[in-house]
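Spelled out, the chains give:
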Amino acid sequence: MARADKATAVAELKNEFEGSAAAVLTEYRGLTVAQLKQLRVSLGENAKFAVAKNTLTKIAANEAGMSGLDDLLTGPTAIAFVNGDVVEAAKGLRDFAKANPLLVIKGGVLDGKKLDAAEITKLADLESREVLLAKLAGAIKAKQSAAAAMFAALPTNMAQLADALRAKREEAGE
């Protein structure tokens, strides 16, 4: 690779690191081109899967302020730059790795924090953002419904209390 090409590749990788919500580093040794294409398709719009040279990736990651990835950059490395839902991309990589054991998840970076392979797997075990938001909305709605029922019960209870007092006075007056 010529020096100008390397500088261009570093700049592109740096832009990918800076522009993505997360980056997951994988080892793809032994995967065929068809399998890599299948992985790219399975990741969809959530992530861009790119093969990169380790030395250029180290330089780009350090320039982007993501230090600490040097130990993950050994062997053939491919990076999934996640632009969409991080959980969905992690699930896609985990599921592909289960079906194709040659893909090894090494670790990654999420919001500037280094993650190991186990943390990526935990991330993949989370429910999607939409499901979590729906659960939160359901919990808020349940609390609001309970509060509304309580507020509606106050006048009803007051009316029942007043009726019971009236009935007791009528009994005492007879």
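For the structure itself, look to the data block above.
As a starting point, this report considers the structure included with it. All values reported here derive from a predicted model rather than from experimental measurement. (Residues numbered from 1 in each chain as written. Predicted model: local features only at pLDDT ≥ 70, side-chain atom pairs only at ≥ 80, totals over all residues. Heavy atoms only, no water.)

Details of the pattern of salt bridges
Phase 1 of the analysis: This model, assessed by the stated rule, comprises eight salt bridges.
Phase 2 of the analysis: A salt bridge links Asp71 to Lys114; the shortest N-O distance between them is 2.9 Å. Taken together, the residues Asp71 in the loop between helix H3 (54-63) and strand S3 (77-82) and Lys114 in strand S5 (residues 113-116) connect sequence positions 43 residues apart.
Phase 3 of the analysis: The class for Lys114 is partly exposed, based on a relative accessible area of 34%.
Phase 4 of the analysis: Among the salt bridges present, the one from Asp125 reaches Arg94, with a minimum N-O distance of 2.6 Å. Separated by 31 residues along the polypeptide, Asp125 in helix H5 (residues 117-125) and Arg94 in helix H4 (residues 86-99) bring together distant segments of the chain. (Salt bridge = Lys/Arg side-chain N within 4 Å of Asp/Glu carboxyl O. Helix = DSSP H or I, 4+ residues; strand = E, 2+ residues; numbered from the N terminus. Buried < 20%, exposed > 50% of the residue type's maximum accessible area, 1.4 Å probe, protein only.)

Topic: H5
Phase 1 of the analysis: Within H5 the residues assigned to the buried category are Ile120, Leu123 and Ala124. Taken down its axis, H5 places every buried residue within 100 degrees of arc, on the same side. Opposite the buried face of H5, by more than 90 degrees, sit the exposed residues Lys122 and Asp125.
Phase 2 of the analysis: Contacts made by the buried residues of H5 are with strand S1 (22-27), H4, strand S4 (104-110) and S5. (Arc of directions from axis to C-beta. Contact = heavy atoms within 4.5 Å.)

Observations concerning the packing of helix H1 (residues 3-19) against H3
Phase 1 of the analysis: It is at 8 Å that the axes of H1 and H3 come closest, and there the two elements cross at 50 degrees. Viewed along their axes, H1 and H3 adopt a mutual orientation that is oblique. Crossing of H1 against H3: the hand is right-handed. In this structure, H1 uses Lys6, Ala9, Val10, Leu13, Lys14, Phe17 and Glu18 to contact H3, whose residues at the interface are Leu56, Thr57, Ile59, Ala60, Ala61 and Glu63.
Phase 2 of the analysis: Across the contact of H1 with H3, the residue classes tally to eight nonpolar, one polar and four charged. (Axes fitted to C-alpha atoms, helices over the stretch in contact; angles between N-to-C directions. Parallel < 35°, antiparallel > 145°, perpendicular 65-115°, else oblique. Left-handed = near helix turned anticlockwise from the far one by under 90°. Nonpolar A, V, L, I, M, F, W, Y, C, P; charged D, E, K, R; others polar.)

A word on the pairing of S3
Phase 1 of the analysis: Within S3, six of the six residues are buried, which leaves the element mostly enclosed by the surrounding structure.
Phase 2 of the analysis: What you see with S3 is no split at all: Thr77, Ile79 and Phe81 on one side and Ala78, Ala80 and Val82 on the other are buried throughout.
Phase 3 of the analysis: Judged from the six bridges that link them, strand S2 (residues 47-52) and S3 form a sheet pairing that is antiparallel. Note that in S3 the partner of Phe49 across the bridge is Ala80. (Pairing = 2+ DSSP bridges.)

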